[in-house]
Amino acid sequence: MTQEAYVSQGPLTTEAGAPVADNQNSETAGVGGPVLVQDQLLLEKLAHFNRERIPERVVHARGAGAYGTFTVTADVTKYTRAKFLSEIGKQTEVFLRFSTVAGNLGAADAVRDPRGWAMKFYTEEGNYDLVGNNTPVFFIRDAIKFPDFIHTQKRDPYTGSQEADNVFDFWGLSPESTHQVTWLFGDRGIPASYRHMDGFGSHTFQWNNEDGEVFWVKYHFKTDQGIKNLTAEEAEVLAGKDPDSHQRDLRESIERGEFPTWTAYVQIMPAADAATYRFNPFDLTKVWPKADYPLIEYGKLELNRNPENIFAEVEQSIFSPAHFVPGIGPSPDKMLQGRLFGYGDAHRYRVGINADQLPVNRPHATEARTNSRDGYLYDGRHAGAKNYEPNSFGGPAQTGRPLWQPFSGFTGATGNHPTPVHAEDNDFVQAGNLYRLMTEDEKERLINNLAGAISGVTRDDIAERAINNFRQADADFGKRLEAAVQALRG
């Protein structure tokens, strides 16, 4: 097809809007001569190209996203005053970013890794971000250990590769990871696609109603497509054939009009139950058994629109657990408390101080009214308005009503305190329960997956310490894993 056959959208321009005469040939000092510095189009294009990548996320770098709607299906107003949950049938626009945790931006999708579940609700009271995973628990319970944990999952500073020694050395010395590791190396450790996995808020959050009553909640999003997973062997083949498998599947399903949906549930614990509950309800390495706090359906999530530009809308999208709205707030979960700072700080470094005002991140159903000014990529949206509060020039004013209710019941001296232990808390009980729920085939695959990973450890003491954690979770689990590792290590 000749160039003349294309329909022009209008003249190509420079960044400043001037029309471009020639986009095929740079300016030179005569035919075959050196390029001239006066060719500002060339310099502009090269300079922009050199800067068109921002630092990738340290974690969750590899991701895909889509827009959609969240629809309320049940009355939860006795638990929360959040307006986007205020009536049955009410719809809120959302943006959901899926991701792997450890891989770089160019890594394959079909790998054994937790999947990030970062969800932005564009509510009329501001954006609410729910940032969780496709697992209901995590490897650690205190954010002070998070940088160390992630360092073990990323490339070793000497070898430049991920090292089994680092991974299992940390997990073996951090027995609270046993529950999540059991989950990760089981069947759900490699989802077949983003559409065929569940999502969780993972942490415990606060809901509070119009009367100021407090409830602790956990979020669950159950896939309506059904759970589908890949075996280790299937994933190895797919990751080599199509590294973009999950991103492609999500995009193409929406293009076909096959919009993926999830049914949203919540577990609700009255605040008074927390102090005496058998497990610490704010420990991220634990679940609340559904027999104690059953799932309550309250909504439907549908993804129905793809981003127009991956960089602008997926890479530059930011999510922070600190983005709450009235009626929803944090809990004393020590991992969550650290994330309240860590996520926003990462975005300010990675995308810039005005990242919240990019189209994908700014409020869609209301307007942000702040006194923050200037900084990288500031767009002048405040015009000449005063930049302080209080002021007598009609500027925005505080409401006097906090988004969430204060925590209470804490006593004693400040210090580096461990997470409180409740009656049935230990690092192994729920991992053992999970193992015993599995069928014999599921157990066999779990053992084989773990043994394959541990067999790559070079030091016997690291391997034995890792195996011992699973032995404490369940004697049969440990015995079978030990035998499988020994067989592989010779």
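Note that the coordinates shown come from a computational prediction; the quantities given were computed from them, not determined experimentally. (Residues numbered from 1 in each chain as written. Predicted model: local features only at pLDDT ≥ 70, side-chain atom pairs only at ≥ 80, totals over all residues. Heavy atoms only, no water.)

**Student:** Residues and numbers for the UniProt feature "binding site: heme" (unreviewed entry) in the protein, please.
**Tutor:** Taking the numbering used here, the UniProt-annotated feature "binding site: heme" (unreviewed entry) corresponds to Tyr-343. Counting through the fold element by element, Tyr-343 comes out in helix α8 (residues 334–350). You can call Tyr-343 buried: its relative accessible area is 19%. Look past the residues within four positions of Tyr-343 in its chain and what remains in contact with it is Val-131, Phe-319, Ser-320 and Pro-321. (UniProt positions renumbered as here; feature names shortened; annotations may be inferred. Helix = DSSP H or I, 4+ residues; strand = E, 2+ residues; numbered from the N terminus. Buried < 20%, exposed > 50% of the residue type's maximum accessible area, 1.4 Å probe, protein only. Contact = heavy atoms within 4.5 Å.)

**Student:** So what's going on with the environment of Gln-267? Residues and values would help.
**Tutor:** Locating Gln-267 in the fold gives a position in strand β8 (residues 261–270). Residue class for Gln-267 comes out buried when judged on its relative accessible area of 1%. For Gln-267 and Ser-161, which are 106 residues apart along the polypeptide, the C-alpha to C-alpha distance reads 40 Å. In contact with Gln-267, other than residues within four places in its own chain, are Trp-216, Val-217, Lys-218, His-220, Trp-288, Pro-289, Lys-290, Tyr-293, Pro-294 and Leu-295.

**Student:** Please provide a residue-by-residue account of the packing of helix α11 (residues 460–473) against helix α12 (residues 475–489), values included.
**Tutor:** Where α11 contacts α12, the axes come no closer than 7 Å and their chain directions differ by 155 degrees. It follows from the interaxial angle that α11 and α12 lie roughly antiparallel. Seen from α11, the contacting residues are Asp-460, Ala-463, Glu-464, Ile-467, Phe-470 and Arg-471; seen from α12, they are Ala-475, Phe-477, Gly-478, Leu-481, Glu-482, Val-485 and Arg-489. Looking at the contact of α11 with α12 residue by residue, the classes come out as seven nonpolar, one polar and five charged. (Axes fitted to C-alpha atoms, helices over the stretch in contact; angles between N-to-C directions. Parallel < 35°, antiparallel > 145°, perpendicular 65-115°, else oblique. Nonpolar A, V, L, I, M, F, W, Y, C, P; charged D, E, K, R; others polar.)

**Student:** Please set out the side chain of Thr-80 residue by residue, giving values where relevant.
**Tutor:** Inspection of the secondary structure puts Thr-80 in the loop between β1 (63–72) and β2 (91–100). Side-chain polar atoms of Thr-80 contact the backbone nitrogen of Ala-82, separated by 3.1 Å. Non-local contacts of Thr-80, meaning those with residues more than four positions away in its chain, are made with Leu-85, Trp-207, Asn-208, Asn-209, Gly-327 and Ile-328. (Polar contact = N/O pair within 3.5 Å; in protein donor to acceptor, adjacent residues only side chain to side chain.)

**Student:** Please provide a residue-by-residue account of α11, values included.
**Tutor:** Along its 14 residues, α11 runs 20 Å from first to last C-alpha, staying within 8% of the 20 Å computed at 1.5 Å per residue. Within α11, the full set of buried residues consists of Ile-462, Ala-463, Ala-466, Ile-467, Asn-469, Phe-470 and Ala-473. Looking straight down α11, one finds that the buried residues subtend no more than 145 degrees of arc, so they occupy a single side. For α11, the elements touching its buried residues are α3 (164–173), α4 (178–184), α9 (429–437), α10 (440–454) and α12. (Expected span 1.5 Å × (residues − 1). Arc of directions from axis to C-beta.)

**Student:** Describe the packing of aromatic side chains, listing the residues and the values that go with them.
**Tutor:** Counted according to the given criterion, the structure contains 36 aromatic pairs. Where Phe-95 meets Phe-319, the ring centres are 6.3 Å apart and the plane angle is 10 degrees; that geometry is what we call stacked. One end of the pair, Phe-95, is in strand β2; the other, Phe-319, is in the loop between α7 (310–315) and β10 (328–329), with 224 residues separating them in the sequence. Given a relative accessible area of 0%, Phe-95 falls into the buried group. Here Phe-168 and Trp-171 contribute two aromatic rings whose centre-to-centre distance is 5.2 Å and whose plane-to-plane angle is 90 degrees, an arrangement assigned as edge-to-face. With Phe-168 and Trp-171 both in helix α3 and three residues apart, this pair spans about one turn of that helix. (Phe/Tyr/Trp six-rings, centres within 6.5 Å; stacked < 30°, edge-to-face > 60°.)

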